[in-house]
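Coordinate analysis (summary)
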Amino acid sequence: MAKKQFKAESKRLLDLMINSIYTHQEIFLREIISNASDAIDKLAYLALTDEKVGLSRSDFAIRLEPDKQKRVLTVSDNGIGMTKDEMENNLGTICRSGSLQFKQDMEQQPDLDIIGQFGVGFYSAFMVAADVTVISKKYGSDEAWMWQSSGADGYTMTPCEREGAGTDVIMHLKDDTDDEKYSSFLQTYELERLVKKYSDYIRYPIKMRVEKSRMKEGCDKDKPEYETYEEVETLNSMIPLWQKPKQDVTEAEYNQFYKDKFYDFEDPAAVIHVSVEGAVTYKALLYIPAKAPYDFYTKDFKKGLQLYSSGVMIMEHCEDLLPDCFRFVRGVVDSQDLSLNISREMLQHDRQLKFMASNLEKKIRQELEKLLKEDREKYEKVYAAFGLQLKYGVVAQYGEKKDVLQDLLLFWSQKENKLVSLKEYTDAMPEGQPHIYYASGESRERLAQLPQLEQLKEKGYDVLLLTDEVDEFVVQTLQKYAGHDFLSATAKDLGLASEEEKKAVEEKAEQAKPTLEFVKQTLGDKVSLVRLSTNLGSHPVCIVPAEGMSFEMEKYFKRLNPDMGMKADRILELNADHPVFAALQLAVAQDPEKAKKYARILYTQALLMADLPVDDPSDYTDLVCELMK
């Protein structure tokens, strides 16, 4: 039969697969076994709804058959099998995966655990095999087909015989060089090691004939004689890690399961192993990652836990089991109380599912709180990766989760020069401090220079420096913590002045009314109000937002939609006790034109200190130069 050619791009990818993608050649066995597991998954799923299949879970198995003399390793399964067209499509075109196609065909059904969804794992066989033969018979079909290839030079397809549905992957191993590296894959002890290392949690038995020895019957025990025999052994435990008691699982096993299951190279920050019996019985194994995946803050990231019912996966990403604030958590949930043929729509309203989701949310929050208290360094690493998600969770749904999340938040303390929780902030507040003070901006360095922080620092009051764009929304959603209101350092009244000081300012404001009105008239619509302030300490001027919208919110909405036109009203505050104000008053009385220049300079200086854009930098430069002449 004429040999068929791979497509050009498939040839290149095959070469890449053999030489580059997999660093360790032993990984090929994991890939081939995973494909066999996928094929069984498909038939097992069909068996749930089609009595004609006539197979139960205990009937399925994967078999390894090493033949040292022929240098052949065969991996067989009794799964769904493939038709001729499916073999050509799935094996003749790299990256066209039957598993992926199956998932696409099942869009209206619960997802299955289809490992080989990218369609490249099968070709890892060519790392160790000089040629590969695949014999497959589709369930329900009367014919079987054989696919043969020696690599990038193409493949052939011929009809053949096979008893029962399923697939055999027959690998003729390459000749050894000096180290017999390929022959090792025919040793039963090595195959056992690889299965244990990579495929121990495959849900179907992986069986192999193993040679053993025993004492011959009737022989003299003082001069024992032994005979060899073969016995079929199951190489994998098949017990999912989450089904094992906690005391029987080591930290290394937890971490390896996480890395293998969720394709992370780093150990998780925390493990949550849950076993619940009662009105709803379920087991869960959840992981809090130590770092964010590359696509976490993109629309491509899929949140949700893998959902099993009695060991059968019915949904790969069950979003309803996790609130958005904890969407970074990975893991599996297995319950015998869920119907196997349940639809996504039914799951969304399923009482048992809601019960599990509520309990898992509490478990995750408790684990994060424990991490915060017992391993601060590790928690701050998690917070660096997912703190933004927790903050988004606070403001989402009108603050529905704020009570759940508020004790998990960290903010930068100006006083302590480190991240602190709200509890740590309030516990350290000096007696008499009325509010939780904060300042919002793009950098801590700029915020630390705000004029209003001077008096707060003199009082011994800490200020939280907020630099994430969502922070303003967070504090407005929280409103208060431990009985203390959140108050912006740029608020008109920081609660620092005594009644006598406030009265003195009111008297000064009345006396300075002509000057304040003059500055307002000079600046026009650039400011909504000009007033005196008690919050400026040794600084002459500042600009603050009117109530309702902060400057950081203005920047956020402008980034979101530049044409929206949302802008915070600006209030210019002057320090009546500063010499500059006295010079301004004098100029208003004696030289109004110079006073106008003073007003414009002070306004621009206020913008610069508030990290706001300057209307006309060249005009400001000209004014300064003119006054310096």
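Each remark here, short or long, concerns the structure printed above.
To keep things clear, this report deals only with the structure shown in the data block.

Below, the discussion takes up the packing of aromatic side chains. Taken as a whole, this structure holds 21 aromatic pairs when the rule is applied. When the ring of Phe328 is compared with that of Phe386, the centres are 4.4 Å apart and the planes differ by 15 degrees; the resulting orientation is stacked. Taken together, the residues Phe328 in the loop between strand S12 (312-318) and strand S13 (330-335) and Phe386 in helix H9 (residues 376-395) connect sequence positions 58 residues apart. Both rings, one in Phe473 and one in Phe557, keep their centres 6.1 Å apart while their planes meet at 90 degrees; by these two values the pair is edge-to-face.

In this section: the pattern of salt bridges. Here the idea is simple: oppositely charged side chains can pair when their charged atoms come close. Going through the model one piece at a time under the given rule, you end up with 32 salt bridges. The salt bridge partner of Lys291 is Asp264, with a shortest N-O separation of 3.9 Å. Of the two residues, Lys291 is situated in the loop between strand S10 (282-288) and strand S11 (305-309) and Asp264 in the loop between helix H6 (251-262) and strand S9 (270-276); the sequence distance between them amounts to 27 residues. Relative accessible area serves as the criterion here: at 35%, Lys291 is assigned to the partly exposed category. A residue is classified by how much of its surface remains accessible, and Asp264, at 12% relative accessible area, is buried. Here Glu593 ties to Lys596 by a salt bridge, and the two come within 3.6 Å at their closest N and O atoms.

Attention now goes to the side chain of Ser550. Relative to the elements of secondary structure, Ser550 occurs in the loop between strand S21 (541-545) and helix H17 (551-560). Take Ser550: its relative accessible area is 11%, and that puts it in the buried class. Polar side-chain contacts of Ser550 include one of 3.1 Å to the backbone nitrogen of Met553. Contacts of Ser550, omitting those with residues within four sequence positions, involve Glu472, Pro545 and Ala568.

One open sheet holds the three strands; their spatial order is S20-S22-S21, and the pairing between them is mixed. With partners counted over all chains shown, the strands left at the sheet margins are strand S20 (529-532) and S21, one partner each. Adjacent strand axes in the sheet meet at a mean angle of 30 degrees, parallel and antiparallel pairs treated alike. Examined bridge by bridge, S21 and strand S22 (residues 570-574) share five bridges and lie antiparallel to one another. Bridge pairing links Cys542 to Glu573 in S22. Where helix H19 (residues 592-609) meets the sheet, it contacts S21 and S22, and its direction lies at approximately 65 degrees from that of S21.

Quick look at helix H16 (residues 513-523) now. Every buried residue of H16 is listed here: Thr515, Leu516, Phe518, Val519 and Leu523. Along the long axis of H16, the arc covered by the buried residues comes to 160 degrees, so they all point the same way. Pointing more than 90 degrees away from the buried face of H16 are the exposed residues Pro514 and Gln521. Remark: Gly524 follows H16 within two positions and exhibits a positive phi of approximately 60 degrees.

Moving on: helix H2 (residues 27-49). Between its terminal C-alpha atoms H2 stretches 34 Å, which fits the 33 Å expected from 23 residues at 1.5 Å a residue. Among the 23 residues in H2, 17 count as buried, and that is most of the element.

Our focus in this paragraph is the packing of H2 against helix H5 (residues 188-198). As a packed pair, H2 and H5 sit with axes 10 Å apart at the nearest point and diverge in direction by 65 degrees. Relative to H5, the element H2 lies roughly perpendicular. For the crossing formed where H2 meets H5, the hand is right-handed. Seen from H2, the contacting residues are Ile27, Leu29, Arg30 and Ile33; seen from H5, they are Leu191, Leu194, Val195 and Tyr198. Residues of the contact of H2 with H5, tallied by class, amount to seven nonpolar, no polar and one charged.

Across the sheet, six strands lie side by side as S15-S14-S17-S16-S19-S18; this open sheet has mixed pairing. Of all strands in the sheet, those bounded by a partner on one side alone are strand S15 (418-421) and strand S18 (480-481). Bridge analysis of strand S16 (residues 436-440) against strand S17 (residues 463-466) gives four bridges, and the strand direction is parallel. Across the sheet, residue Tyr437 finds its bridge partner in S17, namely Val463. Across the face of the sheet, helix H14 (residues 471-478) comes into contact with strand S14 (410-413), S16, S17, S18 and strand S19 (484-488) while running at roughly 155 degrees to S16.

So, about unusual backbone geometry. Located in the positive-phi region is Tyr398, a residue other than glycine, with phi close to 55 degrees. Using a relative accessible area of 84% as the deciding quantity, one classes Tyr398 as exposed. Unlike most non-glycine residues, Asp611 shows phi in positive territory, near 60 degrees. Looking at the secondary structure, you find Asp611 in the loop between H19 and helix H20 (617-628). We classify Asp611 as partly exposed; its relative accessible area is 24%.

Where H16 contacts helix H18 (residues 579-590), the two axes come as close as 10 Å, and the packing angle between them is 80 degrees. Looking at the two axes, H16 sits roughly perpendicular to H18. Of the residues in H18, those in contact with Thr515, Leu516, Phe518 and Val519 of H16 are Phe581, Leu584, Gln585 and Val588. For the contact of H16 with H18, a count of residues per class yields six nonpolar, two polar and no charged.

Tracing the chain through its elements places Ile543 in strand S21. Ile543 gets classed as buried once you look at its relative accessible area, which sits at 4%. Sequence separation between Ile543 and Val527 is 16 residues, and the spatial gap between their C-alpha atoms is 8.9 Å. Contact partners of Ile543, with chain neighbours within four places excluded, come to Val527, Phe551, Arg570, Ile571, Leu572, Tyr603, Ala606, Leu607, Ala610 and Leu612.

Turning our attention to the environment of Met127. Topologically, Met127 is positioned in the loop between helix H4 (98-105) and strand S3 (129-137). In sequence terms Met127 and Ile27 are 100 residues apart; their C-alpha atoms lie 9.5 Å from each other.

Now for a nonpolar patch on the surface. Together, Leu560, Met564 and Met566 make up an exposed nonpolar region whose accessible area comes to about 270 Å². As for its placement among the helices and strands, Met564 is situated in the loop between H17 and S22. Overall, Met564 belongs to the partly exposed group, its relative accessible area being 36%.

What follows concerns the environment of Asn535. Topologically, Asn535 is positioned in the loop between S20 and S21. For Asn535, a relative accessible area of 1% translates into the label buried. Between the alpha carbons of Asn535 and Ala497 there is a distance of 8.2 Å; along the sequence they are 38 residues apart. Apart from residues lying up to four places away in sequence, Asn535 is in contact with Pro451, Gln452, Gln455, Ala491, Lys492, Asp493 and Leu494.

What counts and what doesn't
- Residues numbered from 1 in each chain as written.
- Predicted model: local features only at pLDDT ≥ 70, side-chain atom pairs only at ≥ 80, totals over all residues.
- Heavy atoms only, no water.
- Phe/Tyr/Trp six-rings, centres within 6.5 Å; stacked < 30°, edge-to-face > 60°.
- Helix = DSSP H or I, 4+ residues; strand = E, 2+ residues; numbered from the N terminus.
- Salt bridge = Lys/Arg side-chain N within 4 Å of Asp/Glu carboxyl O.
- Buried < 20%, exposed > 50% of the residue type's maximum accessible area, 1.4 Å probe, protein only.
- Polar contact = N/O pair within 3.5 Å; in protein donor to acceptor, adjacent residues only side chain to side chain.
- Contact = heavy atoms within 4.5 Å.
- Pairing = 2+ DSSP bridges.
- Axes fitted to C-alpha atoms, helices over the stretch in contact; angles between N-to-C directions.
- Arc of directions from axis to C-beta.
- Expected span 1.5 Å × (residues − 1).
- Parallel < 35°, antiparallel > 145°, perpendicular 65-115°, else oblique.
- Left-handed = near helix turned anticlockwise from the far one by under 90°.
- Nonpolar A, V, L, I, M, F, W, Y, C, P; charged D, E, K, R; others polar.
- Patch = residues over 30% accessible without salt bridge, like charges linked within 9 Å, V, L, I, M, F, W, Y side chains within 5 Å.
- Areas by Shrake-Rupley, 256 points an atom, 1.4 Å probe, with all protein chains shown as cover.

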